[in-house]
Amino acid sequence: VIVDQTQAARLTDFLDARGTTIERLLETVETSFGSPTAIVASGSVLDGFGNETSDIDLNVVVDRESVRVVPIPAFEDDLLVDTKYFTVAQLEEWIEELRDGPWPPRGHLTREGYRRRYLQLFQCVRFGTGLIVSAGDDCESLLAVLREPWLAECVVEWWRAERVRSSLAARWLTDRKPLLAAQKQCDAVLAALERRAALGGQLTFKPKWLSEKLRVLEDGAALEMLRAALRLPVTAGETPDYLARSAALLGELGADESVDDLAAQLWYAPGVTVRRLERSTLVSRWQLRGLEIRDAALPATDVDEPLWESSVATDPEPEVLELFVEDLTWLSIVTRSS
Amino acid sequence: LTAFPDLRRHVAFRAYGAIRMLNWVQAALGDIEGAVVSGQHGVAASQARTVVLQCLSVRSLARAGEIEWDGAAFDFFAGLTEDEVAAGLSLAVEAVDLDEEGSSDWLERLRRYAAETEAGLGYGEPLPILRSPRGPFGIIGLARQWSRILSELGLPPHLPPKWVRDAT
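Residues numbered from 1 in each chain as written. Chains lettered and ligands numbered in written order. Predicted model: local features only at pLDDT ≥ 70, side-chain atom pairs only at ≥ 80, totals over all residues. Heavy atoms only, no water.

**A few points about the overall build of chain B**
Which entries qualify depends on this criterion: Put simply, DSSP marks the helices as runs of H or I at least four residues long and the strands as runs of E at least two long, and each gets a number from the N terminus on. Our radius of gyration looks at C-alpha atoms and nothing else; its globule reference is 2.2 Å times the residue count to the power 0.38. The buried label applies to any residue whose accessible area, calculated with a 1.4 Å probe on protein chains only, is under 20% of its type's maximum; exposed applies above 50%, and partly exposed to all values in between.
For chain B, the helix and strand inventory stands at 6 helices and 0 strands. Secondary structure of chain B in N-to-C order comes out as α-α-α-α-α-α. Taking 15 Å as the expected radius of gyration for a compact globule of 168 residues, we find that chain B reaches 17 Å, a close match to that expectation. Residue burial in chain B is summarised as follows: out of 168 residues, 55% are buried.

This is the structure we're talking about:
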């Protein structure tokens, strides 16, 4: 079942040039993990951005309750075939969570919740935009759901929240670590450009392809903004100019819209321990580095609440801000509860 | 012989530095090579930033860097001197205005920068190439090599323990 002739032609041409075929590609799919009920090919070649070092990603849905598989790629001569296996239940669960769960969510968002959403989007975009090479009846309907407009809306929502998260990080880092702030501000511009590409229908979820997505969209203005964003400062002295220029780019990209609906949360980062020492608090991460904060008490690390939460327009108190600057916290963006 | 002032820092540098080279630097260098040949200069510039930031973060692991890199305030430059940071970042910024004429010289310098970063880890031989038929076994081998001491020191594992068990 090959439904997209353009993608099929891209794949066939790419494989032809390497002396192989779709059939031989499919022979690399392992069947001992369960019989495949759908196979979707994805990656830069299918998206039209392929080059000579491109690989092919095969996303295989298998008919069993769980898959415990180390992702070991296969090689067809010099061609890398990266195959991942999923269950029907996984796909159903991800679709439901993505489609019915607006982003950013209300309530608490931990690092695990953030990473889960990222992986769901990454994988569902592959299933939703790749070439369906084979699909049984059950899977065909699931794959059809992934080709509905809601998936693009999820990608747009993701990049908006990422832009806000990176901008906020840049703002909080500017005084203490200006060069790092510039990198975060660059990430904010890239997220705004990713959002623009997604609005244009380019959903591929790998940052390295941003310029190619903008090229396909013939968005010369955005490509110029991308180049400007990547001209990052190399010394702290150059950062004020860069931050001003990139703030202007964010304005052009419409990123100065209201963010009154959003809030920021800071959680302790993984590996953080908090100890009291007389009137001080010692905060360390993996016992490799840390901070001593005098005359301030901090909550314990096993509390199931964020360390700090407020609107994105508000800055934390100095000791909490210092925890962020020293990378001892995890920053989440959430939708504010009314 | 290598003298070190702090065992945890030394282990963090060598163990996580190697995985960062395999997962990020090798892959991004491969992307750049393909992009330069195909005239995809935007891709090369984007991945040059990745190579340089990850190399800086590996170098920083020896001094004050964090072992988990996904936080919003992860500092690629922790503990590095201004000159070290400027040298790396200049190489990445150069990629923005790359043209066909200068690309091979620039790519050679970038490769050398990555190779120097890897050599600093002190493995004595090149790390396995992840995107090769034996590559995944190489990463699992590294994970096994370090898993006991990481666990002893209370540092997080390289790979999900399940993967290492399943691959046995």
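Here the narrative resumes.
**Quick notes on the packing of aromatic side chains**
Definition in use: Any two of the Phe, Tyr and Trp rings considered here, Trp counted by its six-membered ring, make a pair once their centres fall within 6.5 Å; the pair's planes then place it as stacked at under 30 degrees, edge-to-face at over 60, or tilted in between. Charge-over-ring placement is defined geometrically: NZ (Lys) or CZ (Arg) within 6 Å of the ring centre, and within 35 degrees of the ring normal.
Enumeration over the complete set of coordinates arrives at 16 aromatic pairs over all chains. For the pair Phe74(B) and Phe76(B), a centre-to-centre distance of 5.0 Å together with 85° between the ring planes defines the contact as edge-to-face. Each member of the pair, Phe74(B) as well as Phe76(B), is classed as buried. Among the aromatic residues, those joined into a ring-pair cluster are Trp103(A), Tyr114(A), Tyr118(A), Phe122(A), Trp158(A), Trp159(A), Phe205(A) and Trp330(A). The ring of Tyr114(A) carries Arg165(A) above its face, with NZ or CZ at 4.6 Å from the centroid. Just above the ring of Tyr123(B) sits the side chain of Arg14(B); from NZ or CZ to the centre is 4.6 Å.

**Some remarks on the pattern of salt bridges**
All names here are of chain A. Short version of the rule: Here, a salt bridge means any Lys or Arg side-chain nitrogen found within 4 Å of an Asp or Glu carboxyl oxygen.
Following the criterion strictly, the structure yields 35 salt bridges over all chains and no others. Put simply, Arg-160 and Asp-261 hold a salt bridge, and the shortest N to O gap is 3.2 Å. Within this pair, whereas Arg-160 is found in helix H7 (residues 150–173), its partner Asp-261 is found in the loop between helix H11 (239–252) and strand E6 (262–268), the two being separated by 101 residues in sequence.

**Brief notes about the environment of Ser57(B)**
All names here are of chain B. Definition in use: We call two residues in contact when some of their heavy atoms are within 4.5 Å.
Along the chain, Ser-57 falls in helix H2 (residues 41–61). Overall, Ser-57 belongs to the buried group, its relative accessible area being 0%. Considered as a pair, Ser-57 and Gly-17 are 40 residues apart in the sequence and their alpha carbons are 8.2 Å apart. Excluding residues within four positions of it along the chain, Ser-57 makes contact with Arg-20, Phe-74 and Phe-76.

**Brief notes about the state of the cysteines**
Working definition: the covalent bond between the sulfur atoms of two cysteines is a disulfide. Threshold: By definition, disulfides here are pairs of cysteine sulfur atoms that lie within 2.5 Å.
This model, assessed by the stated rule, comprises 0 disulfides over all chains. With no disulfide of its own, Cys139(A) lies 12 Å from the sulfur of Cys124(A), the closest cysteine sulfur.

**What to know about the environment of Arg285(A)**
Stated precisely, the cut-off is as follows: Definition of a polar contact: a pair of N or O atoms within 3.5 Å, with one able to donate and the other able to accept a hydrogen when the atoms are protein atoms, and with sequence-neighbouring residues admitted only if both atoms are side-chain atoms.
Mapped onto the fold, Arg285(A) is located in strand E8 (residues 280–285). For Arg285(A), a relative accessible area of 2% corresponds to the buried category. Along the primary structure Arg285(A) and Arg163(A) are separated by 122 residues, whereas in three dimensions their C-alpha atoms are 27 Å apart. Aside from chain neighbours lying at most four places away, what touches Arg285(A) is Ala269(A), Pro270(A), Gly271(A), Val272(A), Asp327(A), Leu328(A), Glu66(B) and Glu68(B). At 2.9 Å, the side chain of Arg285(A) and the backbone oxygen of Asp327(A) are in polar contact.

**Observations regarding the sheet that holds strand E5 (residues 131–135) of chain A**
All names here are of chain A. Using the following cut-off: When DSSP finds at least two bridges between two strands, those strands are taken to pair. Here an angle of 0 to 180 degrees is reported between the N-to-C directions of two axes, which are lines fitted to C-alpha atoms, with helices fitted over the stretch in contact.
Spatially, the 5 strands line up as an open sheet ordered E3-E4-E2-E1-E5, and their pairing is mixed. The sheet is open, and its two borders are formed by strand E3 (74–76) and E5, each paired with just one other strand. With strand direction ignored, the average angle separating the axes of adjacent strands in the sheet is 25°. Across 6 bridges, strand E1 (residues 36–42) lies against strand E2 (residues 56–62) in antiparallel orientation. Residue pairing across strands places Ser-42 opposite Asp-57, the latter belonging to E2. Packed onto the sheet, helix H1 (residues 5–17) meets E1, E2, strand E4 (79–87) and E5 and runs at close to 90° relative to E5. Sitting on the sheet, helix H5 (residues 111–129) is in contact with E1, E2, E4 and E5, with an inclination near 95° to E2.

**Looking at the interface of chain A and chain B**
So the rule is basically this: Reported buried area values correspond to the accessible surface (1.4 Å probe) lost by two parts on association, with both partners' losses combined. The residue classification treats Ala, Val, Leu, Ile, Met, Phe, Trp, Tyr, Cys and Pro as nonpolar and Asp, Glu, Lys and Arg as charged. All others, Gly included, are polar.
Listed per partner, the contact involves 49 residues of chain A and 50 residues of chain B. The contact between chain A and chain B buries some 4200 Å² in all, and 57% of this surface belongs to carbon and sulfur atoms. Counting the surface chain A buries against chain B, the share from its top three residues, Lys208(A), Trp286(A) and Leu288(A), is 17%. The tally of links between chain A and chain B comes to 12 salt bridges. In this structure, Arg285(A) engages Glu68(B) in a salt bridge whose closest nitrogen and oxygen atoms are separated by 3.3 Å. Counting across the interface, chain A meets chain B through 21 residue pairs in polar contact (both at pLDDT 80 or more). Looking at the side of chain A that touches chain B, the elements that each hand over two or more residues are H5, H7, helix H8 (178–199), helix H9 (210–216), helix H10 (220–230), helix H12 (318–325) and strand E11 (329–335) of chain A. Among the elements that line the side of chain A that touches chain B, the one with the most residues is H8(A), at 7 residues. Of the residues that constitute the side of chain A that touches chain B, the class distribution is 26 nonpolar, 7 polar and 16 charged.

**Let's talk about H2(B)**
Note the following rule: By this rule the span expected of a helix is its residue count minus one, scaled by 1.5 Å.
For H2(B), with 21 residues, the first-to-last C-alpha span of 30 Å sits near the 30 Å given by 1.5 Å per residue. Judged by how many residues are buried, H2(B) sits mostly within the fold: 18 of 21 residues are covered.

**Considering the nonpolar core**
In plain terms, the rule: Here, nonpolar core refers to any group of buried Ala, Val, Leu, Ile, Met, Phe, Trp, Tyr and Cys residues whose side-chain atoms link them within 4.5 Å.
Counting residues in hydrophobic clusters, the biggest one holds 101 residues, and the most contacted among them are Phe324(A), Ile32(B), Phe77(B), Leu89(B), Trp106(B) and Leu155(B). Dropping the residues within four chain positions of it, Phe324(A) is found in contact with Ala169(A), Trp172(A), Leu173(A), Leu266(A), Thr329(A), Leu331(A), Ala72(B) and Ala73(B). Judged by nonpolar contacts, the second largest core, of 40 residues, contains Phe86(A), Leu109(A), Trp158(A) and Ala263(A).

**A word on the packing of helix H1 (residues 7–37) of chain B against H2(B)**
When two helices pack together, you describe them by how their axes are tilted relative to each other and by the distance separating the axes. Residues and elements named next belong to chain B. Selection rule: Comment on the angle field: the value is read as roughly parallel under 35 degrees, roughly antiparallel over 145, roughly perpendicular from 65 to 115, and oblique elsewhere. Here a crossing is called left-handed whenever its near helix is offset anticlockwise from the far helix by less than a right angle, and right-handed whenever the offset is clockwise.
As a packed pair, H1 and H2 sit with axes 8 Å apart at the nearest point and diverge in direction by 165°. With respect to H2, the axis of H1 lies roughly antiparallel. Relative to H2, the crossing made by H1 is left-handed. Here the residues of the contact of H1 with H2 are counted per class, giving 18 nonpolar, 6 polar and 3 charged.

**Brief notes about a negative patch on the surface**
Residue and element names in this part refer to chain A. The condition that has to hold: Grouping into patches uses exposed residues only, defined as over 30% relative accessible area, and leaves out salt-bridged ones; the cut-off is 9 Å for like charges and 5 Å for nonpolar side chains (Val, Leu, Ile, Met, Phe, Trp, Tyr). Accessible surface area values rest on a Shrake-Rupley calculation with a 1.4 Å probe, where residue burial reflects the displayed protein chains alone. None of His or the chain ends enter the tally, which takes Lys and Arg as positive and Asp and Glu as negative. By convention, the point assigned to a charge is CZ for Arg, NZ for Lys, CD for Glu and CG for Asp.
Together, Asp-63, Glu-92, Glu-96, Asp-137, Asp-138 and Glu-140 line one region of the surface with negative charge. Elements that contribute at least two residues to the negative patch include exactly helix H4 (88–100) and helix H6 (137–145). Element by element, the count of residues in the negative patch is highest for H6, at 3 residues. Tracing the chain through its elements places Glu-140 in helix H6. The exposure class assigned to Glu-140 is partly exposed, which follows from its relative accessible area of 34%.

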